[in-house]
Amino acid sequence: MKLKLSMIASSVVLALTTNAQAEDVTALNEVVVSASRADKTNQDRTRSVVKVDMEELDEIQPNSVAEAIKYEPNVSIEGANIPGNQSVNIRGLSGNKVLKIIDGNRQNMQYGHRPSYFLDPSLLGNIEVIKGPMSSLYGSGAIGGVVVQNTLTADDILEENGLGGRVKVGYQDNGDVWTNTAALANKNDDIDWIIAGSYKDSGHMKQGDGTTLYGTEATNKTGLAKFNWQINNAHKLGFNLRYADLDGRPPVVGDSSGQVNDPSLLISRRTTDQSYGVNYNFNPNSAWFNVEASLYRNDTKITEADPSVVGEDISQLQTTGFNVTNQSDAGKLKVLTGVDGYLDELDASRAASVSGRPELPKDAQTFVVGAFGYVNYDLFETLTADVGVRYDSFSSKAQGFDDNNQSAWSPSVGLLWQAQQWMAWSLRYDEAFRAPDTSELYMSGTHYSYGPGGPSNVFVPNPELKPEKSHNVELKGQFDFNNVIADDELSITTSAFHNQVKDFINLDVNSSPSSSCGIGGSMVGCAGTSRSSNINNAELTGYELAADYRWQQLSLGLSYGQTRGKDTDTDEWITNIPADKWVASAQYGFWNIDTKIGTRATFVSGQGRVPDGYTEGPHESYQLVDFYASWEPTSELEGLKVDLSLINAFDENYRTAWTKVYQPGRSVRLNAQYTF
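Report follows, based on the coordinates. (Residues numbered from 1 in each chain as written. Predicted model: local features only at pLDDT ≥ 70, side-chain atom pairs only at ≥ 80, totals over all residues. Heavy atoms only, no water.)

Applying the stated criterion across every chain yields a total of 32 salt bridges. Glu544 is paired through a salt bridge with Arg91; the nearest N and O atoms lie 3.0 Å apart. Of this pair, Glu544 sits in strand E28 (residues 524–551) while Arg91 sits in the loop between strand E3 (87–90) and strand E4 (98–102); the two residues are 453 residues apart in sequence, bridging distant segments of the chain. A salt bridge links Glu468 to Arg434, with the nearest nitrogen and oxygen atoms 2.7 Å apart. In this pair, Glu468 sits in strand E26 (residues 468–482) while Arg434 sits in strand E23 (residues 423–434), placing the two residues 34 residues apart along the sequence. Judged on exposure class, the residue Glu468 and its partner Arg434 are both buried. Look at the salt bridges and you will find they share partners, linking Arg37, Asp340, Arg390 and Asp392 into a network. (Salt bridge = Lys/Arg side-chain N within 4 Å of Asp/Glu carboxyl O. Helix = DSSP H or I, 4+ residues; strand = E, 2+ residues; numbered from the N terminus. Buried < 20%, exposed > 50% of the residue type's maximum accessible area, 1.4 Å probe, protein only.)

Listed below in structure tokens is the structure:
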């Protein structure tokens, strides 16, 4: 215990991260490539945006996308402890309230406790997290934020024209996890392409107290292919293909938050996720035209077999979408305009059970089309404004129900004041919305029952659901200092937000018997009803702080995030709000031996802010310490890179807020790659 506290204390003392390098040494440079709409409108200067590049991904060696970004303030893992079930919580909002983008296209699979992140992080070039409402640029779903996943490109493999590749082998002792990744790429003046794939095999992991963590056993096969052709100076054409195949035995409830650690409560699940797309760019020698267009299709199918029922559950979502944007840059005036849309087609069925099962809508479709415009203008030398608005029209339908047709406006405005060379302030207001999905609108059948023929709780459809609406105000400060003590740099970023979510869609479970209970001897509805309704008004407030300091080869970092959430109708705390979190980091580069070492310490407070009647809390605080080291020789072994990480080094036995099952314990992760 003394050693543990000593290491934690030393990490805090070293707190304040970025990379530094000696002037005469080439060292592990940061390369971040992003095509997010926040970057295109310069909103990365007024919004809270964090980016995790490939170097950080190598340091963390994450098992999921959510694990790769869990160190960021007010960003946490949702979905408990099974990597295949995990998703992202941003400022207290998660699930279908956080939009997922992969290579510029929407990923809409978020339905009925099923997983929604399918990519192996080893095939990602970087991840970008945009915190706060973003519907003014992305439309429905971005009321909590956006997670942008950018897959590997030829530029991630090759620095110069030619043919090259990368092979990577990773091992994790907790769960006996093996990951094998390979990529082949080519670049020349007109054409570049990449083909990459990975295979991950995971066994049973252990919790911090040595207990077996059931549900982690899985295999994951993923692949991608990209081809780009610069036809001439003005025209560029691209094609892309992505595939994922996950096979495992997770808990019955997909997010595993409500599960106990019981091997008898596992199901067999196979998920296949395919995406096809074509991209076109028209960029003539003009300040007024830089057109990007894409057409894509996603096909996700989840097949599950529960030992307690006969047959299989099938959930299949097909998304067909398009994006068209144009970017203009005329000095003080910058304009981004665009139109996009998508069609979701849900085809789902449930195996029969003597206790009853949910009845999913048939021929369910959601169609959304939207148009937006965004303007950045330098009002004065030190004051810049960005103003945008988006209009969306959306409709949902299913066999046997009335259509749900609605529309939404999403305005956004921000001001950036460069008060001093070292100090900038920004203030912005954003509105966002999320259209209800077809399962929320049209779900019927049995929610749960007390044994075969016993009292059951049934779903009641609600085709009149309104979209959720978000109204967010955010103040951000950026402070950058040079030569604070010596030849060094200090950067401090702080922000505070107030997000009101109206018409919050909530599944209202009422245990009072329905009016039809007992008619004809039926027990259907005798345990009440479950119905999605717009009943909650949520108020989310909080702030975050991040400080980074570097001097020569030393980098230090400290961050803090806090979110509070209340139901303003009842003045009660709401669930799924993450606990307060501190993260301290330190890194030092021994460039004479081409090596860097680092540590991260995470301090998570207890979470006792729970609604009345909640029996699982309060949730206790915990502390985690990670270590990592990278060796990247610049001599005759150039191209080789070895990463060693020790995650949860002191084998803390902990669980995150709102979950029942404890997290994995200590994990030694070794990754070796060679780029040629």
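Glancing now at unusual backbone geometry. In this model, Asp503 sits at a positive phi of 50 degrees, which is unusual for a non-glycine residue. With respect to the helices and strands, Asp503 occurs in strand E27 (residues 488–510).

Right, let's get into the side chain of Thr303. Examined against the element boundaries, Thr303 turns out to sit in strand E16 (residues 291–305). Beyond its immediate stretch of four places on either side in the chain, Thr303 contacts Ser268, Arg269, Arg270, Glu312, Asp313 and Ile314. (Contact = heavy atoms within 4.5 Å.)

Turning to its location among the elements, Gly248 is positioned in strand E14 (residues 235–248). For Gly248, a relative accessible area of 14% corresponds to the buried category. Separated by 327 residues in the primary sequence, Gly248 and Thr575 place their C-alpha atoms 29 Å from one another. With near-sequence residues (within four places) excluded, Gly248 lies in contact with Glu217, Ala218, Ile267, Ser268 and Arg269.

With that settled, the discussion passes to the environment of Ala185. Secondary-structure assignment places Ala185 in strand E9 (residues 177–187). Each C-alpha atom, one on Ala185 and one on Gln607, is 47 Å from the other, the two residues being 422 residues apart in sequence. With near-sequence residues (within four places) excluded, Ala185 lies in contact with Ala154, Ile157, Leu158, Gly162, Leu163, Gly164, Trp193 and Ile194.

Pairing is mixed in the open sheet, where 5 strands are placed in the order E1-E6-E7-E4-E5. Each end of this open sheet is capped by a strand with a single partner; those strands are strand E1 (48–53) and strand E5 (105–107). Neighbour-to-neighbour, the strand axes of this sheet turn through a mean angle of 25 degrees, independent of strand direction. Strand direction decides the pairing type here: E4 and E5, joined by 3 bridges, are antiparallel. Counted as the bridge partner of Lys100 is Gln107 from E5. (Pairing = 2+ DSSP bridges. Axes fitted to C-alpha atoms, helices over the stretch in contact; angles between N-to-C directions.)

On the surface, Asp173, Asp176, Asp201 and Glu217 cluster together to form a negatively charged patch. Checked against the element boundaries, Asp176 lands in the loop between strand E8 (162–172) and E9. (Patch = residues over 30% accessible without salt bridge, like charges linked within 9 Å, V, L, I, M, F, W, Y side chains within 5 Å. Areas by Shrake-Rupley, 256 points an atom, 1.4 Å probe, with all protein chains shown as cover. Lys, Arg positive; Asp, Glu negative; His and termini not counted. Charge placed at Lys NZ, Arg CZ, Asp CG, Glu CD.)

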